[in-house]
Amino acid sequence: MEIFDYHPPAVPWLDIRYIDRDLIIINKPSGLLSNPGMAAHTHDSAITRLCKLYPGAILVHRLDCATSGIMVFARSKKAESNLKTQFQNRDTEKRYLAKVAGIVERDKGTIDLPLGKDRSNPPWQKVDKAEGRAAVTHYEVLERREGSTLVALAPETGRTHQLRVHMLALGHPILGDDFYGRTQEFGQGTVEEASPRLCLHAERLSFKHPWSNKPMTFVSRAPF
């Protein structure tokens, strides 16, 4: 297993976009864990930073360390249960933006490939049609650029590294991917070297407020 080299960004330390008695919305930067890892040097995370300002804040869902964008946190057990149920029942709407290698030919499509752990190379994931769990991602081309494509991704499921592995399987790995882009050629180097960060951003999250049941949508522009 590879040792996790962790250097979380200090700026912004915490980008809070909304807060009320039931929930908190932040815009997580790339390079910051959603929750602490097992090792002592991975204690710094979005939830530990948030709890320093708002003790009792509760993690509802996760974004990969390298992924930036909108996250929601609960401020009570009742709100946590409501929000988690919405995620589990797929009552939330999630939209990601990704900059991928190559020109995606189809304007839109669906990737329906089961995913599982790559047991010979943890924590990598892989397409596993025999034993993998169902995973579905819808994609839409937003802009075709020189050598790359900007796409919108809407996952139905929330498997580990789902968007990274699905775009890799489509033949268009996400630029800056330090997991799956290391051996993928791009330009004069690799997909990993094409960007100083993973070009994956949780742009939009929609759900119903756990107390009022009012539809809420939060948006954050992609920094790439």
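Here, every reference points to the structure presented above.
K.L.:
So, the pattern of salt bridges: which residues are in play, and what are the values?
P.N.:
Pairs can form between side chains of opposite charge once their charged atoms are near each other. Under the definition given, this model contains 11 salt bridges. Note that Arg21 is salt-bridged to Asp22, the shortest N-O span being 3.3 Å. Its relative accessible area of 54% is what places Arg21 among the exposed residues. Under the relative-accessibility criterion, Asp22 is labelled buried at 10%. The shortest N-O distance in the salt bridge between Arg164 and Asp64 comes to 3.6 Å. With Arg164 in helix α3 (residues 162-169) and Asp64 in the loop between β3 (58-59) and β4 (68-74), the pair connects residues that are 100 residues apart, well separated along the chain.

K.L.:
Would you mind going over unusual backbone geometry in detail, with residue names and values included?
P.N.:
Phi is mostly negative for residues that are not glycine, and the peptide bonds are mostly trans. Cis geometry marks the peptide bond from Val11 to Pro12, where omega comes out at -5 degrees. Here Pro12 lies in the segment before β1 (16-19). With an omega dihedral of 5 degrees, the bond running from Pro122 to Pro123 counts as a cis peptide bond. Its location among the elements puts Pro123 in the loop between β7 (115-117) and β8 (125-127). The backbone of Asn213 sits at a positive phi, close to 65 degrees, despite the residue not being glycine. Structurally, the position occupied by Asn213 is in the loop between β13 (200-208) and β14 (215-219).

K.L.:
Provide a residue-level description of the pairing of β13, including the pertinent values.
P.N.:
Burial runs high along β13: seven of the nine residues are buried. Looking at chain direction, β13 and β14 are connected through five bridges and run antiparallel. Within β14, the position partnered with Lys208 by the bridge is Pro215. Between the end of β13 and the start of β14, which pair antiparallel, lie six residues, with Asn213 showing a positive phi angle near 65 degrees.

K.L.:
Which residues make up the side chain of Thr48, and what values do they have?
P.N.:
Position of Thr48 relative to the elements: it lies in helix α1 (residues 46-53). Take Thr48: its relative accessible area is 14%, and that puts it in the buried class. A distance of 3.1 Å separates a polar side-chain atom of Thr48 from the backbone oxygen of His43. Not counting residues within four places of it along the chain, the set of residues in contact with Thr48 comprises Pro36 and His43.

K.L.:
If you had to explain the side chain of Thr67 to someone new, which residues and values would you point to?
P.N.:
By secondary structure assignment, the location of Thr67 is in the loop between β3 and β4. Of the residues examined, Thr67 reaches a relative accessible area of 2% and is grouped as buried. Look past the residues within four positions of Thr67 in its chain and what remains in contact with it is Lys28, Pro29, Ser30, Tyr96, Leu198, Leu200, His201 and Ala202.

K.L.:
Would you mind going over the pairing of strand β6 (residues 108-112) in detail, with residue names and values included?
P.N.:
With burial as the criterion, only one face of β6 is covered, namely that bearing Gly109 and Ile111; the residues Lys108, Thr110 and Asp112 on the opposite face remain uncovered. Where β6 and strand β9 (residues 136-145) come together, five bridges link them in antiparallel fashion. Residue Asp112 lies in a different strand from β9, and its bridge partner there is Val136.

Here is what the cut-offs are and how they apply
Residues numbered from 1 in each chain as written. Predicted model: local features only at pLDDT ≥ 70, side-chain atom pairs only at ≥ 80, totals over all residues. Heavy atoms only, no water. Salt bridge = Lys/Arg side-chain N within 4 Å of Asp/Glu carboxyl O. Buried < 20%, exposed > 50% of the residue type's maximum accessible area, 1.4 Å probe, protein only. Helix = DSSP H or I, 4+ residues; strand = E, 2+ residues; numbered from the N terminus. Pairing = 2+ DSSP bridges. Polar contact = N/O pair within 3.5 Å; in protein donor to acceptor, adjacent residues only side chain to side chain. Contact = heavy atoms within 4.5 Å.

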